[in-house]
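Residue-level listing of the chains:
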Amino acid sequence: MPTQAAEPAAAPVSGAAAAPRSYAASLHAALGRLVEIPAAALVVAEIVILFAGIAARYVFHAPLVWSDELASILFLWLAMLGAVVAFHRGEHMRMTAIVNRATPATRAFLDLVAIAASLAFLLMIAMPGYEYAVEEQYVTTPALEIANVWRAAALPVGTALMIAFAVLRLADRVRWKLALAALLLVAAIVGAMTALQPLFAGLGNANLVIFFVGVVAICVFAGVPIAFCFGLATFGYLALTTGTPMMVVVGRMDEGMSHLILLAVPMFVFLGVLIEMTGMAERMVGFLASLLGHVRGGLSYVLIGAMYLVSGISGAKAADMAAVAPVLFPEMRKRGAQDGELVALLSATGAQTETIPPSLVLITIGSVTGVSITALFTGGLLPGVVLGLMLCFVVWRRSRHERADVARASGSEILHALMIALPALALPFVIRAAVVEGVATATEVSTIGIVYSALVGLLVYRRFDWKRLWPMLVDTACLSGSILLIIGAATSMAWALTQSGFSHQLAEMMAQLPGGAVTFMAVSIVAFIILGSVLEGIPAIVLFGPLLFPIAHQMGIHEVHYAMVVILAMGIGLFAPPFGVGYYAACAISRVPPDRGMRAIVGYLVSIAVGLVIVAAVPWLSIGFLK
């Protein structure tokens, strides 16, 4: 996978190729294969448990009261072991734009610095993670009535395994001098920051800039994996400027990684590779290409429309992207699309579709502010269309000079492609119908898609490569772990910002702005773009919704209108590099290095920003269809 975390991007140091494999490298490889077994097995277990819960409830009318609880316990293990597999493979998301421009020797050193920095964070949370798990032994789960330590133990076990992999990677005898230099550099930086603790104590909110802007930016551009950048900044801020027990960092990571709705991420990741393996993706793309393949940028329009249709099904934007990208990207690449353009458009569609119901962000806003969720669902459709049209305009501009090498399909060819693709095209409708009709929850519905796709592959298209199944399961765990670790680290960072008092100060400042509703709306857009880049949608809404929505109401702004504006603003921040978590999730799903999409995404984000201004200036787009 291109988005390496700690694996050197450069060739081995001179002479390494001829050297025999070290004991550390052999042990590293053997331990990696060993960890992959339970990680892949957990993916299978989650599919079975969730589908069994659907069957028991809907078919046999005998709900399994313990299914969600067991799925939640296993999910944290899946997330942590998946993160371990990603660490072993060097597939945690990282920014390599600057690192790749360095000389081979410097690049090799920076890769080792990334390992050393990751190791520093893991060592910092190792003891708090153990203490957190010990504390959880006094908590009993309600359905299974077992100690919660069985679930919480995933955190210290996963941390210990990643420490082992980091040490083994650094112990490679071929480059031990570079590894020692990297360790000394990281240790010196940590020591210097610790020595400056008395200085930090008197800086107040300036520490927020130092740690959550400065430390994060330096680590990101040095090539440290994104999750560990967030973790180092959060741990450093809390340890050096507050008296907060470090066990809290682990608790917040647990909270961010183990939210049951996020179980849709590995399920949809696996669904994406499954529909490719069974030939469903090929049939779907064949039909869509017959409709728009002759149009310049045709499949880009299809991507925008597909994200609009499937968005919100899973409740997690990463899962939405994972359901669409594997279907369209292979064919788009065959037609000459560049990796940077693909990941940029995928990220932009993620921001575009934040208001499409049923969205977890909309539900969260309704729950914390008292705004009607039905009204939010109604109001979210048209703003998504406006932003989609803006993206289509950019696609048209960028593709208008391309050669249209594909001949227009005839009516009979389109009909033939439709009949072949019909079982595959029915998949998104099956998934959405299952949610709307109450057959399955947003978390469970992906398993219906998995079972449906397996049956179609076996019985209809007669394509099911059993040899590929195991690698698919391991890849699913690996990719999901890398995404979920970022979300967990971002959640702990959001909590730290909350405890700093920054949220209340921001709300008070915005309430006192001159210029009335127009200024308040403009500042809200800028503020939520920034907040979306560091907090994600749900933490930012929980934090600022109860504070800012009453102010908006006092200024005469309709709550639904304001909700659409702040959600779209957060979406831009969430998918805007270099800090937006959603952008890195899109890169991981697309298997594209983050630096390749940096330039391409600018035009898409500008178009979405223009669409956001239109939505903000025309309240009817959000409230015109409300009763």
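Provided above is the structure to which this section pertains.
Residues numbered from 1 in each chain as written. Predicted model: local features only at pLDDT ≥ 70, side-chain atom pairs only at ≥ 80, totals over all residues. Heavy atoms only, no water.

Participant: Explanation requested: the packing of helix α15 (residues 339–352) against helix α26 (residues 581–590) in the structure shown.
Facilitator: In a packed pair of helices, the relevant descriptors are the angle between the two axes and the axis-to-axis distance. It is at 9 Å that the axes of α15 and α26 come closest, and there the two elements cross at 130°. By the angle between their directions, the pair α15 and α26 is classed as oblique. Seen from above, α15 lies across α26 with right-handed handedness. Facing Val343, Leu346 and Ser347 of α15, the residues of α26 in contact are Tyr583, Ala586, Cys587 and Ser590. Of the residues that constitute the contact of α15 with α26, the class distribution is five nonpolar, two polar and no charged. (Axes fitted to C-alpha atoms, helices over the stretch in contact; angles between N-to-C directions. Helix = DSSP H or I, 4+ residues; strand = E, 2+ residues; numbered from the N terminus. Parallel < 35°, antiparallel > 145°, perpendicular 65-115°, else oblique. Left-handed = near helix turned anticlockwise from the far one by under 90°. Contact = heavy atoms within 4.5 Å. Nonpolar A, V, L, I, M, F, W, Y, C, P; charged D, E, K, R; others polar.)

Participant: Would you mind showing me how to read unusual backbone geometry here?
Facilitator: Excluding glycine, residues mostly carry a negative phi; peptide bonds, for their part, are mostly trans. The phi torsion at Arg462 lies on the positive side, around 55°, for a residue other than glycine. Here Arg462 lies in the loop between α20 (445–460) and α21 (469–499). Positive phi outside glycine occurs at Arg591, with the angle close to 55°. Assignment of secondary structure puts Arg591 in the loop between α26 and α27 (598–617).

Participant: Is there a simple way to explain the packing of helix α8 (residues 206–221) against helix α9 (residues 226–241) in this structure?
Facilitator: The N-to-C vectors of α8 and α9 enclose an angle of 150°; their axes lie 9 Å apart at closest approach. With respect to α9, the axis of α8 lies roughly antiparallel. Crossing of α8 against α9: the hand is right-handed. When α8 is examined against α9, the residues Asn207, Leu208, Phe211, Phe212, Val215, Val216, Cys219 and Val220 are found in contact with a partner set consisting of Ile226, Cys229, Phe230, Leu232, Ala233, Thr234, Gly236, Tyr237, Leu240 and Thr241. Grouping the constituent residues of the contact of α8 with α9 by class yields 14 nonpolar, four polar and no charged.

Participant: Please explain helix α12 (residues 280–292) as it appears in this structure.
Facilitator: Residues spaced three or four apart along an α-helix face the same direction, because each turn holds 3.6 residues. With 13 residues, α12 should reach 18 Å at 1.5 Å per residue; the first-to-last C-alpha distance of 18 Å fits that figure. Buried within α12 are the following residues: Met280, Ala281, Met284, Val285, Phe287, Ala289 and Ser290. (Expected span 1.5 Å × (residues − 1). Buried < 20%, exposed > 50% of the residue type's maximum accessible area, 1.4 Å probe, protein only.)

Participant: I would appreciate a short explanation of the side chain of Ser258 in the present structure.
Facilitator: Here Ser258 shows up in the loop between α10 (247–257) and α11 (264–277). Within the local environment of Ser258, its side chain forms a polar contact with the backbone oxygen of Asp254, the two atoms lying 2.5 Å apart. Once residues lying within four places of it in the same chain are set aside, the contact partners of Ser258 are Ser72, Phe75, Leu76 and Arg151. (Polar contact = N/O pair within 3.5 Å; in protein donor to acceptor, adjacent residues only side chain to side chain.)

Participant: What am I meant to see in the environment of Thr443 here?
Facilitator: Looking at the element boundaries, Thr443 is found in the loop between α19 (411–436) and α20. With a relative accessible area of 8%, Thr443 lands in the buried category. Between the alpha carbons of Thr443 and Ile261 there is a distance of 5.3 Å; along the sequence they are 182 residues apart. Dropping the residues within four chain positions of it, Thr443 is found in contact with Leu50, Leu260, Ile261, Leu263 and Ala264.

Participant: Can you help me understand the environment of Asp254 in this one?
Facilitator: Relative to the helices and strands, Asp254 is located in helix α10. Assessed through its relative accessible area of 2%, Asp254 is described here as buried. Distance from Asp254 to Ala152, taken between C-alpha atoms, is 8.0 Å for residues 102 residues apart in sequence. In this structure Asp254 touches Leu76, Tyr132, Arg151 and Leu155, once residues within four positions along its chain are discounted.

Participant: Just checking my understanding: could you explain the pattern of salt bridges for this structure?
Facilitator: Oppositely charged side chains can pair when the atoms bearing their charge come close. Taken as a whole and assessed by the stated rule, the structure comprises nine salt bridges. Where Glu255 meets Arg252, a salt bridge forms, and the shortest distance between an N and an O atom there is 3.0 Å. Within this pair, Glu255 and its partner Arg252 are both found in helix α10, separated by three residues, close to a single helical turn. Classification of Glu255 as partly exposed rests on a relative accessible area of 45%. (Salt bridge = Lys/Arg side-chain N within 4 Å of Asp/Glu carboxyl O.)

Participant: Looking at this structure, how should I read the packing of aromatic side chains?
Facilitator: Centre-to-centre distance and the angle between the planes together describe a pair of aromatic rings. Counted under the stated rule, the structure contains eleven aromatic pairs. Ring centres of Phe87 and Phe228 lie 5.9 Å apart, and the angle between their planes is 70°; this geometry places the pair in the edge-to-face category. Taken together, the residues Phe87 in helix α2 (residues 67–89) and Phe228 in helix α9 connect sequence positions 141 residues apart. One exposure class covers both Phe87 and Phe228, and it is buried. Ring centres 5.5 Å apart and planes at 20° place the aromatic pair Phe520 and Tyr562 in the stacked group. Here the residue Phe520 occupies a position in helix α23 (residues 516–535), and Tyr562 occupies one in helix α25 (residues 559–574), the gap between them amounting to 42 residues. For the pair Phe520 and Tyr562, a shared accessibility class is recorded, and that class is buried. An aromatic cluster is built from Phe200, Phe211, Phe212 and Tyr237, whose rings are joined through pairwise contacts. Taking the ring centre of Tyr461 as reference, the NZ or CZ of Arg283 above it sits at 4.4 Å. (Phe/Tyr/Trp six-rings, centres within 6.5 Å; stacked < 30°, edge-to-face > 60°. Lys NZ or Arg CZ within 6 Å of the ring centre and 35° of its normal.)

Participant: Is there a simple way to explain the environment of Asp68 in this structure?
Facilitator: In this fold, Asp68 is placed in helix α2. The class of Asp68 is partly exposed, set by a relative accessible area of 38%. Through-space distance from the C-alpha of Asp68 to that of Ala143 is 9.3 Å; in sequence the pair is 75 residues apart.

The analysis is restricted to geometry; functional conclusions fall outside its scope.
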